[in-house]
Amino acid sequence: MTKTRFSIWRGDSHGGGRQDYETEVTEGMVVLDAVHQIQAESANDLAVRWNCKAGKCGSCSAEINGRSRLMCMTRLSDLPLEQGVTIDPMQTFPVLRDLVTDVKWNYATKQRIQKFTPRTPDAEDGTWRIATVDTERVQEFRKCIECYLCQDVCHVLREHHLHDEFIGPRFMVYAAALEMQPLDTGSRVKALKEDFGIGYCNITKCCTDVCPEGIKITDNAIIPLKERVADEYYDPIKRLWRKLTKT
Amino acid sequence: MSNADTLKRRSFGETARIDAWWLKPGLVFVGLTAFIAYATWAGMQGKHYFYDGGGAHLLSPFYSPLLYGQAHEPRLFAAELPSWWPSFLPFSAAILILAGPAGMRVTCYYYRGAYYKSFWADPVACGVGEPRKSYWGEHRIPLLLHNAHRYFFYVAGVYVFILFYDGLRALVYVNPDGSHSLGIGVGSIVLLLNACFLAGYTFGCHCHRHLLGGHLRIFAKAPVQHACYQCISMLNRRHMYWAWVSLVWVGFSDLYVRMCAMGVWTDWRIF
């Protein structure tokens, strides 16, 4: 067992700063365990959001040594403990208290995206038929646990605070899942260009790097959406073809 | 977001990260700068791009297809330079063709992400403060023009076939009596590998994946396009590696031909 220093951000929407705590680290602990231990030993009023402790609920998102990660999935044995560990709340969303941020902007943003619009049912009993091959591509997107780490690390939101103009990688994944859904008949391409700010993404792949589910956000969601926007608005040959064939 | 103004703005380089976040963008900066410097220098030389010693036929990929050149070189037009070329400007055959592949790389999704970080610090690394407060991204001109990537892809795709031709042509040696025979030399392997790496990079690009199948919602009705999509996706998963390997190798291919043409290296014929 070794004593390790944890610098945890304490404060609220009016301000705050890091406070140091020391606690014993034992084999197999994750950062969330250490936070709970500190909460029990020396900071009973420390606010932290958590739920499943298994990397599936997406509640315990934070910045550990400056990197956006789930606290429950970050092993202390993977961190250089001799330098201490810093734990900050997500920087892209306003702080409510300590490590808890207000992520309601994400819920409102999701509401803006056109919902699943299925075609007429294939059978009289109101069901559809889908080939297995058509379900494979969107399975990846359905792994999203909405931890918002991708939103946190996206520099368009994090550094430039363009929340009103850009929906962020999480909702690009959501839109891609709908655009590639074999039953869906809606099109979100115009909204992606004009309302959701897909042009703001400059493909630096920070979102992909932090995704705890390993979703290739940039390659498999954002870039295919950018290509759909290019099809519709920036490809004169395709536009001409559409005019000629009236498709 | 109503309370976005309560969020903190970080200064350039400000971060809580303790890892070597500067290393990767630094390496990309050095790598791309070195290549751009070498390619510009080599492209402006206008000589030592073709080697025919010992019956070999090695043409530098920077100069292929060779539109204008010396009489003994595999030029397409029977002239050393175009008639319309201003006499006061130095001429190099590479000037006329390098824009195609360069445009492909400049607008490539991988390279865009890489040079936005390394050259423009936008962001310099994930979770690190940026130097500028304003940000347009690819939302407006000039970076909006990156949407022309697919057109550069079409051009670059043609170049790949030309480079395959060069690689295969390098397998044909001219004998002293003027007849031709098949052979393999180090130079022909270098040029064939160059075409293979460039094909892996070019045909594994995101827009190719989209154009051949990715744009479809329903694959079941288009099995051929689905098969293409699957194949391109396999290449695309390693797009960054293809990008770097092909970049380094195309530079080395030019260097190899140049060294042989200058008499510094000898092109070893294996059989």
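Keep in mind it's a predicted model, so treat the numbers as computed, not measured. (Residues numbered from 1 in each chain as written. Chains lettered and ligands numbered in written order. Predicted model: local features only at pLDDT ≥ 70, side-chain atom pairs only at ≥ 80, totals over all residues. Heavy atoms only, no water.)

Caption draft 1: How the structure looks around the interface of chain B and chain A. At the junction of the two partners, chain B supplies 52 residues and chain A supplies 63 residues. Buried area between chain B and chain A, both sides added, is near 4,800 Å², and the carbon and sulfur share of it is 50%. At the surface where chain B touches chain A, the tally comes to eight salt bridges. The interface formed by chain B and chain A holds 33 residue pairs in polar contact (both at pLDDT 80 or more) in total. Elements supplying a minimum of two residues to the side of chain B that touches chain A: helix H3 (109-118), helix H4 (149-169), helix H6 (206-214) and helix H7 (223-236) of chain B. Broken down by element, the side of chain B that touches chain A gets its largest block of residues, six residues, from H6(B). Counted by class, the side of chain B that touches chain A contains 21 nonpolar, 16 polar and 15 charged residues. (Contact = heavy atoms within 4.5 Å. Buried area = accessible area lost by both parts, 1.4 Å probe. Salt bridge = Lys/Arg side-chain N within 4 Å of Asp/Glu carboxyl O. Polar contact = N/O pair within 3.5 Å; in protein donor to acceptor, adjacent residues only side chain to side chain. Helix = DSSP H or I, 4+ residues; strand = E, 2+ residues; numbered from the N terminus. Nonpolar A, V, L, I, M, F, W, Y, C, P; charged D, E, K, R; others polar.)

Caption draft 2: The arrangement of the pattern of salt bridges in detail. Overall, the coordinates contain 29 salt bridges over all chains when judged by the stated rule. With a shortest N-O distance of 2.8 Å, Lys226(A) and Glu138(B) are connected by a salt bridge. Within this pair, whereas Lys226(A) is found in helix H9 (residues 217-234), its partner Glu138(B) is found in the loop between H3 and H4, the two belonging to separate chains. The pair Lys226(A) / Glu138(B) is uniform in exposure class, with both members buried. Close ionic contact of Glu138(B) with Arg112(B) constitutes a salt bridge, the shortest N to O distance being 2.8 Å. Of this pair, Glu138(B) sits in the loop between H3 and H4 while Arg112(B) sits in helix H3, and the two are 26 residues apart along the sequence. For the pair Glu138(B) and Arg112(B), a shared accessibility class is recorded, and that class is buried. (Buried < 20%, exposed > 50% of the residue type's maximum accessible area, 1.4 Å probe, protein only.)

Caption draft 3: Up close: a nonpolar patch on the surface. On the surface, Phe29(B), Val30(B), Ile36(B), Phe119(B) and Trp120(B) cluster together into a nonpolar patch covering about 500 Å² of accessible area. Within the secondary structure layout, Phe29(B) lies in helix H1 (residues 23-45). (Patch = residues over 30% accessible without salt bridge, like charges linked within 9 Å, V, L, I, M, F, W, Y side chains within 5 Å. Areas by Shrake-Rupley, 256 points an atom, 1.4 Å probe, with all protein chains shown as cover.)

Caption draft 4: Region of interest: the pairing of strand E5 (residues 85-88) of chain A. All names here are of chain A. The alternating pattern of E5 places Val 85 and Ile 87 on one face and Thr 86 and Asp 88 on the opposite face, and all of these are buried. Pairing geometry for strand E1 (residues 2-12) and E5, over three bridges, is parallel. Each bridged residue has a counterpart across the sheet, and for Ile 8 the counterpart in E5 is Ile 87. Of the strand pairs in this sheet, strand E3 (residues 61-64) and E5 are connected by two bridges, and their pairing is antiparallel. In the sheet register, Ile 64 faces E5, and the bridge partner there is Ile 87. (Pairing = 2+ DSSP bridges.)

Caption draft 5: Representation of the nonpolar core. Counting 72 residues, the largest nonpolar core has Phe6(A), Met71(A), Ile87(A) and Phe141(A) as its most contacted members. The dominant element in this core, judged by the number of residues it contributes, is helix H6 (residues 169-179) of chain A, at eight residues. In terms of domain composition, this core takes at least three residues from each of domain 1 (2-101) and domain 2 (104-245) of chain A. Once residues lying within four places of it in the same chain are set aside, the contact partners of Phe141(A) are Val173(A), Ala176(A), Ala177(A), Met180(A), Ile215(A), Asn220(A) and Ala221(A). Formed by 40 residues, the second largest nonpolar core is a distinct cluster that contains Tyr63(B), Ala94(B), Ala114(B) and Tyr201(B). (Core = buried A, V, L, I, M, F, W, Y, C linked by side-chain atoms within 4.5 Å. Domains from an automatic or database assignment.)

Caption draft 6: How the structure looks around the domain arrangement of chain A. All names here are of chain A. As assigned here, chain A comprises domain 1 (2-101) and domain 2 (104-245). Computed over C-alpha atoms, the centres of domain 1 and domain 2 are 31 Å apart. Here domain 1 meets domain 2 over a buried area of about 1,100 Å², counting both sides, of which 54% is carbon and sulfur. The largest per-residue losses of area from domain 1 upon contact with domain 2 belong to Ser 68, Thr 92 and Phe 93, which jointly make up 47% of the total buried on that side. There are two salt bridges connecting domain 1 and domain 2. Between Arg 158 and Glu 63 there is a salt bridge whose closest N-O contact spans 2.6 Å. The interface formed by domain 1 and domain 2 includes eight residue pairs in polar contact (both at pLDDT 80 or more).

Caption draft 7: Structural view of the state of the cysteines. Counted according to the given criterion, the structure contains one disulfide over all chains. The structure places no disulfide on Cys72(A), whose sulfur is separated from the nearest cysteine sulfur, that of Cys60(A), by 3.6 Å. The class of Cys72(A) is buried, set by a relative accessible area of 7%. Here Cys260(B) stays free of any disulfide, with the sulfur of Cys196(B) as its closest cysteine sulfur at 19 Å. Overall, Cys260(B) belongs to the buried group, its relative accessible area being 3%. (Disulfide = S-S within 2.5 Å.)

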